[in-house]
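Single-letter residue listing:
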Amino acid sequence: MEHEPLLMIPGPVPVPQRVRAAMTQQAINHRGPEFGAAYADTVRILKTLFGTENELYIISGSGTAGMEAGVANFARDRSIVSLVNGKFGDRFAKIGERYGSSVTVLESDWGTPLDLEGLERELEAGAEVVTMVHNETSAGIKNPAPEVGKLARKHDALFIMDGVTSIGGDDVQMDRWGVDIAVVGSQKCLAAPAGLAAIAVGERAWDRIAEKRPFYQDMAAYRKSGSKAAMETPYTPAVPLFLALHEACKMIEEEGVPARIARHRRMADAVRAAAKGWGVDLFPELDAHHAYSNTATAMRIPDGVTDQALRGTVKKFGIEIAGGQDHLKGKIFRIGTMGSVGAQEILATAAAVQYALQKSGFAAGEGVEAAAEVLLG
Ligand code: PLP
């Protein structure tokens, strides 16, 4: 019997059957009450995951489209300070370079703490916008959004946060933390198909929206269409994906947000316990302000083991885990714990990784057993 591959990468993640089924329905009018109701209900549920009462809109496009919409609408011709400690922080800085009047990149080694002192200096010197990735998927590190939000508010700067792999899987409190613009991607913790981004925008950001905005991703146009009696998007949206995301959000509401976040944490705890059991080092280097990601665990590939042998062997069992990106290729491997992931997937993955490590000659210890203990809690 053919089994579907088990995706344990940090997104896309397996999409539950109910969500897939929602995508296959006959086309509907995107300027009608059925679409409007689905859009509005999705927004209602997403706001609980963002921890916000701000306006929230859904863009047809992946997470990067949401990041770009944030920068292009609200940071155009402004001085930006970009915090970078991984690939997606780097991407945010590159987007900033397309639109900002200037970008100061505060780069730390990937997987190490952000330069908060440097941030304060830049804000004191007048930086108008801060960009930061909350959960840096490339390195498995969670960055200190509340601290950065506090600093940005103190200096009256806008704070644009990439929550692409935290929102829906970890605690996010946009309003309380002082985040002005936050973005999530559909294919990560929401367990929906790839292709949508949601962006929430606070009043301080609306007050500063750029005069010259992109055409397709004009957030003022999203706002205008979104305020109609039946919610709409300015242009034809990816309707099947919207319907799938709505179903995914209903599943999230049924599980309950606190329960969902607790499950993500437990799954990540189990993976970290497995790493400890194997004798494999976690990749990030933390300080008091930073934490391990609860949605993507990055580990160092032990000496003598190759990325190809490790992931290749795991794949023979029908399980896909991720390698490192850019200069971390061959140095780390990553296991995603996003979406609907549960004990079955974690145990299968831990067993496959443990076998693969041992097969490569690394004397991996009892990681599966350690993960099992955490899962039974
Ligand atoms: N930001 C983070 C933290 C991510 O993990 C990713 C994708 O992995 C992105 C942004 C980019 O999202 P997408 O590939 O959906 O454009």
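Residues numbered from 1 in each chain as written. Predicted model: local features only at pLDDT ≥ 70, side-chain atom pairs only at ≥ 80, totals over all residues. Heavy atoms only, no water.

Novice: Please clarify how the domain arrangement of the protein should be interpreted in this entry.
Specialist: How big an interface is tends to be expressed through the accessible area that disappears when the partners come together. By the assigned domains, the protein splits into domain 1 (6-11 + 257-376) and domain 2 (17-255). Each partner contributes to the interface: domain 1 provides 32 residues, whereas domain 2 provides 33 residues. For the domain 1 and domain 2 pair, buried surface summed over both sides reaches about 2,700 Å², with 55% attributable to carbon and sulfur atoms. In this structure, the connection of domain 1 to domain 2 is made through 4 salt bridges. Residue E255 is joined to R260 by a salt bridge in which the shortest nitrogen-to-oxygen separation is 3.1 Å. There are 17 residue pairs in polar contact (both at pLDDT 80 or more) connecting domain 1 and domain 2. Among the secondary structure elements, those contributing two or more residues to the side of domain 1 that touches domain 2 are helix 11 (257-278), strand 11 (291-292), strand 12 (296-300) and strand 15 (332-336). Taken together, the residues of the side of domain 1 that touches domain 2 break down into 14 nonpolar, 11 polar and 7 charged. (Domains from an automatic or database assignment. Contact = heavy atoms within 4.5 Å. Buried area = accessible area lost by both parts, 1.4 Å probe. Salt bridge = Lys/Arg side-chain N within 4 Å of Asp/Glu carboxyl O. Polar contact = N/O pair within 3.5 Å; in protein donor to acceptor, adjacent residues only side chain to side chain. Helix = DSSP H or I, 4+ residues; strand = E, 2+ residues; numbered from the N terminus. Nonpolar A, V, L, I, M, F, W, Y, C, P; charged D, E, K, R; others polar.)

Novice: Explanation requested: the sheet that holds strand 10 (residues 196-201) in the structure shown.
Specialist: Two strands in a sheet stick together by hydrogen bonds in their backbones, pointing the same way (parallel) or opposite ways (antiparallel). Spatial ordering of the open sheet is given by 2-10-9-8-5-3-4, a layout of 7 strands whose pairing is mixed. Of all strands in the sheet, those with a lone pairing partner are strand 2 (55-60) and strand 4 (102-107), marking the two edges. Across the sheet, the axes of successive neighbouring strands diverge by a mean angle of 20°, strand direction being ignored. As paired strands, strand 3 (residues 79-84) and strand 5 (residues 129-133) are joined by 3 bridges and run parallel to one another. Residue pairing in the sheet places V81 in a bridge with V130 of strand 5. The strands touched by helix 5 (residues 116-124) are strand 3, strand 4 and strand 5; relative to strand 4, the strand with the most contacts, the crossing angle is about 160°. (Pairing = 2+ DSSP bridges. Axes fitted to C-alpha atoms, helices over the stretch in contact; angles between N-to-C directions.)

Novice: What should I look at first to understand the packing of helix 11 against helix 14 (residues 367-376) in this one?
Specialist: Each pair of packed helices gets described by two things: the angle between the helix axes and the distance between those axes. Packing of helix 11 against helix 14 brings their axes to within 7 Å, and their N-to-C directions diverge by 150°. When the axes of helix 11 and helix 14 are compared, the pair comes out roughly antiparallel. The two elements helix 11 and helix 14 meet at a crossing, and its hand is right-handed. Here R266, M267, D269, A270, A273, A274, G277 and W278 of helix 11 come into contact with helix 14, specifically with G367, V368, A370, A371, V374 and L375. Looking at side-chain class alone, the contact of helix 11 with helix 14 contains 10 nonpolar, 2 polar and 2 charged residues. (Parallel < 35°, antiparallel > 145°, perpendicular 65-115°, else oblique. Left-handed = near helix turned anticlockwise from the far one by under 90°.)

Novice: Is there a simple way to think about the site of the ligand in this case?
Specialist: Of all residues adjacent to the ligand, which total 14 residues, the nearest are S62, T64, T137, D162 and K188. At a separation of 2.5 Å, an oxygen atom of the ligand approaches a polar side-chain atom of S62. Between the ligand and the protein, one listed contact pairs an oxygen atom with a backbone N or O atom of G63 at 2.9 Å. Contact with the protein chains removes 88% of the 390 Å² of surface that the ligand exposes when unbound. Contributing elements (two or more residues each) for the shell around the ligand: helix 3 (63-74) and helix 4 (87-99). Counting residues per element, the shell around the ligand draws most heavily on helix 3, at 3 residues. Counted by class, the shell around the ligand contains 4 nonpolar, 7 polar and 3 charged residues. (Near = heavy atom within 4 Å. Areas by Shrake-Rupley, 256 points an atom, 1.4 Å probe, with all protein chains shown as cover.)

Novice: Where do I start with the layout of surface pockets in this structure?
Specialist: Rolled over the atoms, a probe sized like a water molecule indicates the empty space that remains. The space that makes up the largest pocket amounts to roughly 360 Å³. Contributing to the lining of the largest pocket are 19 residues, with E4, P5, L6, L7 and P14 lying nearest its centre. Counting residues per element, the ones that place at least two in the lining of the largest pocket are strand 1 (6-7) and helix 13 (343-359). It is helix 13 that contributes the most residues to the lining of the largest pocket, 3 residues altogether. Of the residues in the lining of the largest pocket, the class split is 12 nonpolar, 4 polar and 3 charged. (1 Å grid on protein atoms, 1.4 Å probe; cavity = no way out; pocket = protein on both sides within 12 Å on 5 of 7 lines; lining within 4 Å. Points joined across faces, edges and corners; volume = space filled by probe spheres on them.)

Novice: Any chance you could explain the sheet that holds strand 7 (residues 141-142) here in plain terms?
Specialist: Reading across from one edge, 6-7-11 is the order of the 3 strands in this open sheet, with antiparallel pairing throughout. Two strands lie at the open edges of the sheet, namely strand 6 (135-136) and strand 11, each paired on one side alone. As paired elements, strand 6 and strand 7 share 2 bridges and run antiparallel to each other. Its bridge partner being in strand 7, N135 is matched across the sheet by K142.

Novice: Mind showing me how you'd approach the pairing of strand 15 here?
Specialist: Looking along a regular strand, one sees side chains alternate from face to face of the sheet. Of all the 5 residues making up strand 15, 5 are buried; the element is thus mostly covered by neighbouring parts of the structure. The two faces of strand 15 match: I332, R334 and G336 on one face and F333 and I335 on the other face are all buried. The pairing of strand 12 with strand 15 spans 5 bridges and is antiparallel. Looking across to strand 15, one finds that T297 is bridged to I335. (Buried < 20%, exposed > 50% of the residue type's maximum accessible area, 1.4 Å probe, protein only.)

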